[in-house]
Amino acid sequence: MTSTIFTNAKLADGLLRDIHVENGRITAIVPVSSVPASGSVIDIAGDLVVPGFVEGHIHLDTSFYGGKWVPHRPCTDGFDVHERVAFQAGNMAKAEPMMERAVKQLELCVSHGTLQMRSHVMVDGSVGLKSLETILAVREKYKDIIDIQLVAFPQSGILKSPGTAELLDEAIGLGADLIGGLDPASFDRDVSAHLDVVFDIAERCGVDVDIHLHEGGSMGAFTIEEICARTHALGMQGHVSISHAYGLGDLAPDAARRIAAKIAGNGISIMTNAPGHHSFPPVALLRDEGVNVFSGSDNIRDSWWPYGDGDMLRRAEIIGYRSGFFTDTELQMAFDIVTAAGAKALRLEGYGIEVGAKADFVAIAAEHIAEAVVGFPGNRKVFKGGRLVAENGKTKTPRA
Ligand SMILES: [Zn+2]
């Protein structure tokens, strides 16, 4: 049995505590003891200790982070998903090996304190299952450092890319945890046929759903209502996420509240990375209506944009900045989106700083959560199962 006491750990309530960890789980949280402990002790020295961040939406297969710089190529006539997918295919053909790129991106995220992740991985007629096989190997190698869920993601559509429906099925058999989707109306031009494939796989294979939805305005709202209807019909409340849902940001507040009530009623989570060039979901309104809103980096230095650093604390700041969050309560809301709300969307077991939870936490040089969100301090110490996995911006190499 391994046991460690993390002493002088400042919790969210501002109090210093000793966190007792045995075999990777928190067994006690008690006032700081003045009696020298006999076993292993790690002094947190008054840093703020928070649960490991939840990176709820990333693409491990497509980033160029750590490799050669790939200049961004703009679309010819505004944002066009088809064109971006074509640019991406050209860039990927010239990129460094996927395994190397994925590892660099993963280590970047862990170095900032991410210990739980959901990555979409491209599955389509052109790449088949090759990307998934590579990312599955990365997940296996890093399994003691970070927990990763993989979404079989039809980046080229389902109906537009022959053979993709069958490949998505195979992807689940191979080890993908969730089934994805992409713009059923604007990309595949057939909402029912697209969602039939997605929800059929979800039902048959017993997996959760996470759909990319870039569709704006009333088109996006229509697709969301269709997703709500299918979630309800299959009793999948709590098992479905919609990523981006830009359309919610185009609606007038009354209309947004009406659809938010349906989203909340079906236990659907909404993922936003608060992108700088799009309307994006009204975070506070959605939460007021009971919708679980979580977040992720999405693209990090890839064919979609050159931004992203894998820091979920910085992502909380971006969400707060774009949402007009100023009060401590609002800043704590932004923090919740990259921690507990992410854990809820990913249905994580044993999340949080509490007795019985996994000892997955981050020590940050901040007075309190509000300061951490606006300052996103560096030099964090990251512990997985009570074991140090990253410090000073560097992730440890996985044990052989
Ligand atoms: Zn994405």
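In this text the structure is predicted, and so the values were computed from the model without any measurement. (Residues numbered from 1 in each chain as written. Predicted model: local features only at pLDDT ≥ 70, side-chain atom pairs only at ≥ 80, totals over all residues. Heavy atoms only, no water.)

Undergrad: Whenever I open this one, the nonpolar core confuses me. Can you help?
TA: Inside soluble globular proteins, nonpolar side chains tend to come together where they are buried. Phe199, Val209, Ile224 and Ile263 are the most contacted members of the largest nonpolar core, which has 92 residues in total. In terms of residues, this core owes the most to one element, helix H5 (residues 191-205), which gives seven residues. Leaving out residues up to four positions away in the same chain, Val209 has contacts with Leu178, Ile179, Val198, Phe199, Ala202, Met236, His239, Val240 and Ser241. Listed in part, the twelve residues of the second largest apolar core include Phe6, Val21, Val49 and Phe361. (Core = buried A, V, L, I, M, F, W, Y, C linked by side-chain atoms within 4.5 Å. Buried < 20%, exposed > 50% of the residue type's maximum accessible area, 1.4 Å probe, protein only. Helix = DSSP H or I, 4+ residues; strand = E, 2+ residues; numbered from the N terminus. Contact = heavy atoms within 4.5 Å.)

Undergrad: Even after reading the chapter, I still don't get the coordination of the zinc ion, so can you show me in this structure?
TA: Tetrahedral metal sites with four donors have an ideal angle of 109.5 degrees; octahedral sites with six donors have ideal angles of 90 or 180 degrees. Around the zinc ion, the protein contributes the donor atoms His57 (NE2), His59 (NE2), His212 (NE2) and Asp298 (OD), at 2.1 to 2.4 Å from the metal centre. Considering all four donor atoms around the zinc ion, the spread of angles at the metal, 88 to 170°, places the coordination shape in the irregular class. Site description for the zinc ion: donor spacing in sequence, H-x1-H-x152-H-x85-D. Separated by 241 residues along the polypeptide, His57 in strand S6 (residues 53-58) and Asp298 in the loop between strand S13 (292-294) and helix H9 (312-323) bring together distant segments of the chain. Asp298 shares its class with His57; the two are buried. (Donors = N, O, S within 2.8 Å, 3.2 Å for Na, K, Ca; no water. Tetrahedral: all angles 85-135°; square planar, octahedral: opposite > 155°, others 65-115°.)

Undergrad: I keep staring at the pattern of salt bridges and nothing clicks. Help me out?
TA: Where charged atoms of side chains with opposite charge meet at close range, the side chains can pair. Per the counting criterion, the structure on display carries 18 salt bridges. One salt bridge in this structure joins Arg380 and Asp311, with 2.8 Å as the shortest N-O distance. Separated by 69 residues along the polypeptide, Arg380 in the loop between helix H12 (369-375) and strand S15 (381-384) and Asp311 in the loop between S13 and H9 bring together distant segments of the chain. Of the two residues examined, Arg380 and Asp311, each falls in the buried class. Of the charged contacts in the structure, one is a salt bridge between Lys384 and Asp360, with a shortest N-O distance of 2.8 Å. Of this pair, Lys384 sits in strand S15 while Asp360 sits in the loop between helix H11 (340-345) and strand S14 (361-364), placing them 24 residues apart in sequence. Across this residue pair, the class does not change: Lys384 and Asp360 are buried. (Salt bridge = Lys/Arg side-chain N within 4 Å of Asp/Glu carboxyl O.)

Undergrad: Please clarify how the sheet that holds strand S7 (residues 114-122) should be interpreted in this entry.
TA: With parallel pairing, the eight strands of this open sheet are ordered in space as S6-S7-S8-S9-S10-S11-S12-S13. Only two strands of the sheet have a single partner each, and these edge strands are S6 and S13. Direction aside, neighbouring strands of the sheet carry axes that sit 25° apart on average. The pairing of strand S12 (residues 269-271) with S13 spans three bridges and is classified as parallel. Of the residues in S13, the one forming a bridge with Ile270 is Val293. (Pairing = 2+ DSSP bridges. Axes fitted to C-alpha atoms, helices over the stretch in contact; angles between N-to-C directions.)

Undergrad: Looking at this model, I keep getting lost on the side chain of Arg101. Mind explaining?
TA: If you trace the backbone, Arg101 turns up in helix H2 (residues 98-112). In this structure Arg101 is buried but unpaired, with Glu96 as the nearest side chain of opposite charge at 5.1 Å. A distance of 3.2 Å separates a polar side-chain atom of Arg101 from the backbone oxygen of Asp61. Here Arg101 is in contact with Asp61, Thr62, Ser63, Phe64, Tyr65, Met92, Ala95 and Glu96, once residues within four sequence places are set aside. (Lys, Arg positive; Asp, Glu negative; His and termini not counted. Polar contact = N/O pair within 3.5 Å; in protein donor to acceptor, adjacent residues only side chain to side chain.)

Undergrad: Looking at this structure, I do not really get helix H3 (residues 130-141). What am I missing?
TA: Because an α-helix packs 3.6 residues into every turn, residues spaced three or four apart end up facing the same way. With twelve residues, H3 extends 17 Å from end C-alpha to end C-alpha; this agrees with the ideal 16 Å at 1.5 Å per step. Considered for burial, the residues of H3 that qualify are Ser131, Leu132, Ile135, Leu136, Val138 and Arg139. Considered in projection along H3, the buried side chains sweep an arc of 160° and stay on one side of the axis. The inward-facing, buried residues of H3 contact H2, S7, strand S8 (147-153) and helix H4 (164-174). (Expected span 1.5 Å × (residues − 1). Arc of directions from axis to C-beta.)

Undergrad: Teacher, can you tell me more about the pairing of strand S16 (residues 387-391) here?
TA: On any regular strand, side chains alternate: one points to one face of the sheet, the next to the other face. The pairing of S15 with S16 spans four bridges and is classified as antiparallel. Its bridge partner being in S16, Lys381 is matched across the sheet by Glu391. Where S15 folds back onto S16 in an antiparallel hairpin, the turn is made up of two residues, including Gly385, whose phi is positive at roughly 60°. Sheet topology note: the S16/strand S17 (residues 394-395) ladder contains two bridges and is antiparallel. What sits directly across from Glu391, in S17, is Lys394.

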